[in-house]
Each structure stands twice: as structure tokens, then as C-alpha cells.
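Each chain, letter by letter, is given below.
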Amino acid sequence: MPTRIAMGVKQMAPARLFVFSIACLFAGLPSATVVHAQDYPTREITLIAPWPAGGAVDALCRALAPGLSERLGKTVVVENRPGAGSVIGTAAAAKADADGYTLVMAGSGSLAISPALYKKLSYDPTKDFAPIALIGRIPFVLVVNPSLPVHSVPELVKYAKENPGKLSYGSGGAGSPHHLYAELLKSMTGIEMTHVPYKGSAPALTDVIAGHIPLMFSDTVPSLPLIKEGKVRALAASSAARLPSAPEIPPLAEAVPGFDAAGWGMIVAPAGTPGDIVSRLNTQLQSVMGSPDVQQQIIRLGILPVSSPAPGELQDFINSEMARWGKVVQQAGLAGTE
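About the thresholds
Residues numbered from 1 in each chain as written. Predicted model: local features only at pLDDT ≥ 70, side-chain atom pairs only at ≥ 80, totals over all residues. Heavy atoms only, no water. Helix = DSSP H or I, 4+ residues; strand = E, 2+ residues; numbered from the N terminus. Buried < 20%, exposed > 50% of the residue type's maximum accessible area, 1.4 Å probe, protein only. Contact = heavy atoms within 4.5 Å. Axes fitted to C-alpha atoms, helices over the stretch in contact; angles between N-to-C directions. Parallel < 35°, antiparallel > 145°, perpendicular 65-115°, else oblique. Nonpolar A, V, L, I, M, F, W, Y, C, P; charged D, E, K, R; others polar. Arc of directions from axis to C-beta. Phe/Tyr/Trp six-rings, centres within 6.5 Å; stacked < 30°, edge-to-face > 60°. Lys NZ or Arg CZ within 6 Å of the ring centre and 35° of its normal.

**Student:** Would you mind going over the side chain of Ser-108 in detail, with residue names and values included?
**Tutor:** Tracing the backbone shows Ser-108 in helix H6 (residues 108–117). Owing to a relative accessible area of 4%, Ser-108 belongs among the buried residues under this scheme. Beyond its immediate stretch of four places on either side in the chain, Ser-108 contacts Ile-113, Pro-177, Tyr-181, Gly-263 and Trp-264.

**Student:** Can you break down the packing of helix H4 (residues 56–72) against helix H12 (residues 292–300) residue by residue, with the values?
**Tutor:** Interhelical geometry of H4 versus H12 gives an angle of 170° and a closest axis separation of 10 Å. Comparing the axis directions of H4 and H12 gives the class roughly antiparallel. Residue-level inspection shows Leu-60, Ala-63 and Leu-64 of H4 in contact with H12, the latter providing Val-294, Gln-297 and Ile-298. Across the contact of H4 with H12, the residue classes break down as 5 nonpolar, 1 polar and no charged.

**Student:** Quick one: what's the story with H12, residue by residue and with numbers?
**Tutor:** Of the residues making up H12, those classed as buried are Val-294, Ile-298 and Ile-299. Within H12, the buried residues cover an arc of 135° as seen down the axis, which keeps them to one side. Exposed residues on H12 whose side chains face more than 90 degrees from its buried face are Pro-292, Asp-293 and Arg-300. Buried residues along H12 sit in contact with H4, helix H11 (275–289) and strand S10 (304–305). Of the residues flanking the end of H12, it is Gly-302, one or two places downstream, whose phi is positive at about 90°.

**Student:** Provide a residue-level description of the packing of aromatic side chains, including the pertinent values.
**Tutor:** Per the counting criterion, the structure on display carries 7 aromatic pairs. With 5.0 Å between their ring centres and 65° between their planes, Trp-264 and Phe-317 make a pair best called edge-to-face. Residue Trp-264 is found in strand S9 (residues 262–270), and its partner Phe-317 is found in helix H13 (residues 311–331); the two are separated by 53 residues along the sequence. A relative accessible area of 4% means that Trp-264 is categorised as buried. One aromatic cluster in this structure is built from Phe-140, Tyr-181, Phe-217, Phe-259 and Trp-325. Against the face of Tyr-101 rests Arg-43, its NZ or CZ located 3.8 Å from the ring centre.

Written out as C-alpha cells, the structure reads:
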């Protein structure tokens with residue numbers, strides 16, 4: 001039989017031989033793709049944390065990696081690629097091969113805030129990613145240096161109005177959640193505070209402790225231990241609900257009705273990643289997040305676990321968050337400033 005086929009091919013006209021060859025080539029493609037998805041993964045997977053080590057996003061990635069590695073049978077390595085308010089690491093993932101071996105913990109900063117903040121973003125949140133799973137909400141805590149004579153949000157608002165131009169606040173960079181939450185507080189209370197951007201939230205928090213700046217919105221991972229040690233004073237949580245790990249901290253909404261601001265972390269892959277791989281990753285991530293040990297670990301960090309919508313519904317969530325935070329960026333006069 002092989003001999004007859006070979007003879008038949010030799011007898012074909014050049015044009016027919018070309019068509020025959022192309023048909024054979026494409027006939028093999030679907031099965032190759034299916035095998036690829038079925039065999040996934042065959043090597044190490046990189047999970048990019050686009051913020052520095054020690055913060056909430058980094059901690060969330062490291063909480064998930066061991067369980068995901070165990071379920072997939074291959075190591076998941078967390079790689080920190082911080083910079084530009086998480087844009088650098090997120091952009092790196094957008095440009096990676098769409099094969100499921102590069103993932104990123106994208107979030108509200110890179111997917112919802114940056115599109116309004118930057119004149120030109122190196123990726124499109126609506127086209128360049130395949131959303132996999134929403135992992136958690138990341139509340140922030142409004143903290144002040146203990147020397148500032150305020151112990152509540154109403155006292156802070158009163159102090160700011162009685163001392164115009166005196167207060168400043170730190171952030172992890174222009175357009176970061178630390179920045180936008182403070183701007184939202186300003187717009188909802190009518191107070192004035194000067195923004196002092198840092199290259200990451202850690203040095204900003206260090207300066208709050210040292211008294212170089214009086215306050216900031218800090219993510220819970222670094223701030224909760226410092227609050228317990230008395231190095232900073234907590235005034236309020238940014239989320240509408242109290243933090244399970246620190247229920248004594250009141251929600252800011254109790255003093256400023258309607259205030260509800262929390263970051264979020266979402267695992268995404270480059271656009272074009274095969275649907276079977278996205279589905280498998282979603283299933284395994286949901287399994288990891290359903291583990292009581294992982295849930296307790298996340299809650300201790302001050303992060304709120306969530307029930308993720310299906311991958312196909314996550315883009316609608318991203319679009320709604322882009323609209324919400326785009327308005328805040330506009331109101332703060334920050335649109336297109338980066």
C-alpha cells in the first residue's frame with residue numbers, strides 16, 4: 001500500500017501535488033492541537049507577580065503556586081516583575097507565547113486603572129488576555145503615623161479641613177490602587193491632600209512609619225503586622241465589609257457612605273491560549289482556592305476569597321471595572337497623564 005501511494009503521488013500534476021501536500025499538512029493540525037492540550041503541562045509554568053515581593057499580589061501568587069503545582073504535576077514558579085504600577089509584568093505576559101506556560105496575576109491596577117491613566121498602554125486589557133479565574137479581592141487599610149492626632153476617619157477629615165495643604169499621602173506609584181483610593185476619599189469628602197508617589201508601596205509604608213509622610217492606603221499583607229505592633233495606626237478598611245483577619249478595623253463606608261474600594265487579583269494567560277488549557281487551569285485553580293488550608297492562609301493575609309465567574313464571563317467583569325475606575329481617574333484629573 002505505501003508503494004502504491006508513493007507512485008500515485010509521483011504521477012500527480014504539480015498543482016494537484018501542491019494541493020494534496022497542503023491538505024495533508026492541515027489535516028494534522030487539529031489533532032496536534034488536541035494532543036497539546038491533553039498533554040499540558042509538560043514543563044515548568046511561570047506565574048508572573050507584577051508587584052514586588054512582600055505585597056498582597058506576591059503573597060497571593062505564592063499561596064496558590066504549591067497547590068497548583070501539585071494538581072498539574074509540574075512546578076509553578078512565581079516570578080516577580082514589578083514596575084510602572086504592575087504594567088511591566090502584565091505587558092510581559094501579554095507578549096508571551098500563548099501556550100499556557102506563562103500566566104500573570106493581573107489586577108485592578110493593570111487591567112482597570114492603567115487603560116485610563118496611560119496615554120499609550122503596551123497591551124489591550126480587552127484583547128490581549130485570556131482570563132482564567134478571579135482569585136480574590138484585596139482590601140487596603142488607611143493607616144497613619146501614630147503622631148498624627150487623628151484616630152478615626154471623621155477626625156482625619158476634620159483635621160484636613162482645619163489644616164489645608166498640610167497633609168500628604170504616599171502611594172506605590174501614580175495610578176496604583178494606593179493612589180486612586182486616596183483620590184476617591186478626597187473627592188467624596190472634599191479634603192485636600194498632596195500625593196507623594198514612591199517606587200512601590202514598601203518604601204512609602206516605611207516613610208509613614210518614620211513620619212516622613214503622615215498616611216497612606218496600604219495593602220493588608222505588610223500593614224496588618226505593623227498595626228498590631230503599633231508602628232502605624234489603622235483608621236479604616238477600604239472595603240465595605242470588615243476584614244475577617246482584623247474585624248476591629250471599621251470599614252471606611254461607615255464614615256463615608258458608599259466608599260467601597262478593593263483591588264482584585266485575576267489569573268490570565270496571553271490571548272490565543274487554547275480553550276482546553278484555559279478550562280483546565282480554571283478547574284485546578286478553583287480546586288486550590290477551595291482548599292480550607294489555602295482559604296485560611298489567604299484570609300490571614302487580609303485578602304478576601306471570592307467565587308470566580310466562568311472564564312467566558314470574566315471579560316465582562318474587567319470591562320465593568322474599567323468603566324468604574326476610568327471615572328475615578330477622570331475625576332482626579334489623571335487621565336492620560338502617564
